[in-house]
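In case you want the letters, here they are:
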Amino acid sequence: MGGEEVLRLTEIPEDLRSRIPAEVATRYRVLPVEWERGALVVGMADPSNLLLLDELAVLLGCRVRGVAVPPAELDGLVDRYYGAGSQTVAGVLAGLSEEGEQEEAEGAEELANQAPVVRLVNSMIAEALRKRASDVHLEPFEGQVRLRYRIDGVLREETPPPRRLWSGVVSRIKVMAGLNIAERRLPQDGRFRLRLGGREVDVRVSTVPTVHGESVVLRLLDRASLLLTLSELGFSPEVQAAFERLIALPHGLILVTGPTGSGKTTTLYAALSAINTPEKKIITIEDPVEYQLHGVNQLQVKEKIGFTFARGLRHILRQDPDIILVGEIRDRETARMAVQAALTGHLVFSTLHTNDAAGGVTRLLDMELEPYLVASTVRGLLAQRLVRVLCPECKIPCQPSEVPGQMAASAGAAVFYRPSGCPACGGTGYRGRTALYELIVMTPEISQLVLTRPAARAVREVALRQGLVTLRADGLRKAAAGVTSLAEVWRVTSE
């Protein structure tokens, strides 16, 4: 391979780019080209620099081989893939030491617009995007601050900004989100849109006052990321087929249950995309609207002015919809409106916060809905959890005897896999997430049971007799197939 081949690259895949951290690429002016027979091939100005190759091998944790690239072309490629807002937090902080005294003397408002603070905030968001983080947590404590990214559902500590810049960082985020920077006693919510390295990102901002200052959480919604299809979510073939039959029904109520952050919205969006045709009018009411669906009317709840789920749903019914998505059933009034919509010939999707699918039935009954309404409108309840996917580059096979607890015996597999850690996964052993599902279809037997106001355990027992695959059972299947680890299944499921 020669340098001219590197220059013809028009796109370096994300998984290949992630093998070299941005601070390494920009500091040493190197670019990942390909993974070849267990070695990372990097483009560099001088591939005969053995000291640099050795240092890269230590930093990246793998064998490294260099290919020559003209310096001017190399700089352009490095800036393209690692520049334009992709400077790391550590890199920005390294350049702030000489400016510290001036910045510390500035007020919060002035500091919010200072170039170093602007670069620092942008670098935090850009670095979070490169690491596939869904949230950025900025937390103040006595004498220090904390920066964490939620990656694949787990928080990971990162290099924090210095305490002296804290007020400037918070003020900068508030300015971007259109919040009141003078108000530090009350929680505030806002959002803004940012373009970094050619990617457009929606950022939701939440601030709350703590005893040591304001804690800030940023939720990152990458507009460049594509919505997943049902076949990409992690359904087993039989559960996907049953769920597709449910969403093809002309009317009824379909509920997706699970805790916050379990991927319920992604599943519902995938379902809507699968049935979105010009012949059907689809309206959603959400809080917040996270992604825009082409051809779907999406409404945003605004509780400050009285536009709640229940009130919005009442007006949606006057819009002659065929399919309705209610972001969440939180109270009795919303539950009643959703049931009435299902009774009057609409297909209604919504979510509930329950531990399993059977719990969705008792949750509706707890909202004082009549049992006959629940039995006659609910068509199916889908519970889900997200588990991390083992990195295919470094997962290690292990025997069932090496796995703690009793889960290995119930899975019945000869070999499982456990995480190891490599540059491709940032040393975690995991890369990406998939979903575990359990689906209860409202059969005549379960409908009759609902009329007796049963406990969730009774509904679950009937569903098990009818072939229900539980969340844990679905997780064990995926662990036996090497998709995830038993530790992940144990972490997110309970029996």
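If you're wondering where the values come from, they're calculated on a predicted model, not measured in any experiment.

Caption draft 1: Just the overall build of the protein, in detail. Broken down by element type, the protein carries 21 helices and 18 strands. The 495 residues of the protein split such that 51% are buried. Considering only intrachain contacts with a sequence separation of at least 6, the fraction spanning at least 24 residues in the protein is 62%. Surface exposure of the protein reaches about 22900 Å², of which carbon and sulfur atoms provide 51%.

Caption draft 2: Structural view of the confidence of the model for the protein. With 85% of its residues at a pLDDT of 70 or more, the protein shows a mean pLDDT of 85. Taken as a whole, residues 98-105 scores under 50 in pLDDT and shows 10 contacts with residues more than four places along the chain or in a different chain.

Caption draft 3: Representation of the sheet that holds strand β1 (residues 31-36) within the structure. A sheet is described by the order of its strands in space; here three strands give the open sequence β1-β2-β3, paired in mixed fashion. In this open sheet, the two strands that pair with only one neighbour each are β1 and β3 (63-68). Across the sheet, the mean angle from the axis of one strand to that of its neighbour is 30°, orientation sign disregarded. In terms of strand pairing, strand β2 (residues 39-44) meets β3 through six bridges, oriented parallel.

Caption draft 4: Geometry of the environment of glutamine 292. Take glutamine 292: it is sitting in the loop between β11 (282-286) and β12 (297-300). Among the residues examined, glutamine 292 registers a relative accessible area of 60% and is labelled exposed. Note: C-alpha distance between glutamine 292 and tyrosine 269 (23 residues apart in sequence) is 9.5 Å.

Caption draft 5: Inspection of the packing of aromatic side chains at higher detail. Within this structure, the stated rule accounts for two aromatic pairs. Considering the side-chain rings of phenylalanine 235 and phenylalanine 243, the 5.5 Å spacing of their centres and the 20° angle between planes classify their relative orientation as stacked. Accessibility expressed as a relative area gives 1% for phenylalanine 243, which makes it buried. Arranged with centres 3.9 Å apart and planes meeting at 5°, the rings of phenylalanine 235 and tyrosine 437 form a pair that is stacked. Here the residue phenylalanine 235 occupies a position in the loop between β9 (213-222) and α11 (237-247), and tyrosine 437 occupies one in strand β18 (residues 430-441), the gap between them amounting to 202 residues.

Caption draft 6: Summary view of the packing of helix α13 (residues 309-316) against helix α14 (residues 332-343). Between α13 and α14, whose axes approach to 8 Å, the crossing angle comes to 20°. Classified by the interaxial angle, the pair formed by α13 and α14 is roughly parallel. Between α13 and α14 lies a crossing whose hand is left-handed. Across from Phe309, Ala310, Leu313 and Arg314 in α13, the residues of α14 making contact are Glu333, Thr334, Met337 and Ala338.

Caption draft 7: Summary view of the pattern of salt bridges. All chains considered together, the criterion is met by 23 salt bridges. Glutamate 393 is the partner of arginine 19 in a salt bridge, and the nearest nitrogen-oxygen pair spans 3.0 Å. One end of the pair, arginine 19, is in the loop between α2 (14-17) and α3 (22-28); the other, glutamate 393, is in the loop between β15 (378-390) and β16 (396-398), with 374 residues separating them in the sequence. You can call glutamate 393 partly exposed: its relative accessible area is 45%. A salt bridge links glutamate 438 to arginine 460; its shortest N-O distance comes to 3.6 Å. Here the residue glutamate 438 occupies a position in strand β18, and arginine 460 occupies one in helix α19 (residues 456-465), the gap between them amounting to 22 residues. Pair check on accessibility: glutamate 438 and arginine 460 agree, each one buried. Each member of the salt-bridge network shares a partner with another, and the members are Asp287, Glu303, Glu328 and Arg330.

Caption draft 8: Representation of the nonpolar core. Ranked by internal contacts, the top residues of the largest apolar core, which has 45 residues, are Val348, Leu381, Ile440 and Ile446. Counting residues per element, this core draws most heavily on α14, at six residues. Excluding anything up to four places from it in sequence, valine 348 contacts Gly252, Leu253, Ile254, Ile324, Val326, Ala338, Ala341 and Ala342. Within the second largest apolar cluster, 30 residues are counted, among which are Ile125, Tyr149, Ile173 and Val216.

Caption draft 9: Structural view of unusual backbone geometry. Note the cis peptide between aspartate 287 and proline 288, where omega equals 0°. The residue proline 288 is located in the loop between β11 and β12 in this model.

Caption draft 10: Fine view of the sheet that holds strand β14 (residues 347-352). Here we have seven strands laid out as an open sheet, ordered β12-β11-β13-β14-β10-β15-β18, and mixed in their pairing. Looking along the sheet, the strands with just one partner apiece sit at the ends: β12 and β18. Strand-to-strand twist across the sheet, computed as the mean angle between neighbouring axes with direction ignored, equals 20°. As paired elements, strand β10 (residues 252-257) and β15 share five bridges and run parallel to each other. Considered in β15, the bridge of isoleucine 254 is made with glycine 380. Sheet contacts for α13: β11, β12 and β13 (323-326); angle to β11, the most-contacted strand, approximately 165°.

Caption draft 11: Looking closely at the environment of valine 136. Looking at the element boundaries, valine 136 is found in strand β4 (residues 133-141). Placed 82 residues apart in sequence, valine 136 and leucine 218 show a C-alpha to C-alpha distance of 5.0 Å. Apart from the residues lying within four places of it in its own chain, the contact partners of valine 136 are Ala128, Leu147, Arg148, Tyr149, Val216, Val217, Leu218 and Leu220.

About the criteria used
- Residues numbered from 1 in each chain as written.
- Predicted model: local features only at pLDDT ≥ 70, side-chain atom pairs only at ≥ 80, totals over all residues.
- Heavy atoms only, no water.
- Helix = DSSP H or I, 4+ residues; strand = E, 2+ residues; numbered from the N terminus.
- Buried < 20%, exposed > 50% of the residue type's maximum accessible area, 1.4 Å probe, protein only.
- Contact = heavy atoms within 4.5 Å.
- Areas by Shrake-Rupley, 256 points an atom, 1.4 Å probe, with all protein chains shown as cover.
- pLDDT = per-residue confidence, 0-100.
- Pairing = 2+ DSSP bridges.
- Axes fitted to C-alpha atoms, helices over the stretch in contact; angles between N-to-C directions.
- Phe/Tyr/Trp six-rings, centres within 6.5 Å; stacked < 30°, edge-to-face > 60°.
- Parallel < 35°, antiparallel > 145°, perpendicular 65-115°, else oblique.
- Left-handed = near helix turned anticlockwise from the far one by under 90°.
- Salt bridge = Lys/Arg side-chain N within 4 Å of Asp/Glu carboxyl O.
- Core = buried A, V, L, I, M, F, W, Y, C linked by side-chain atoms within 4.5 Å.

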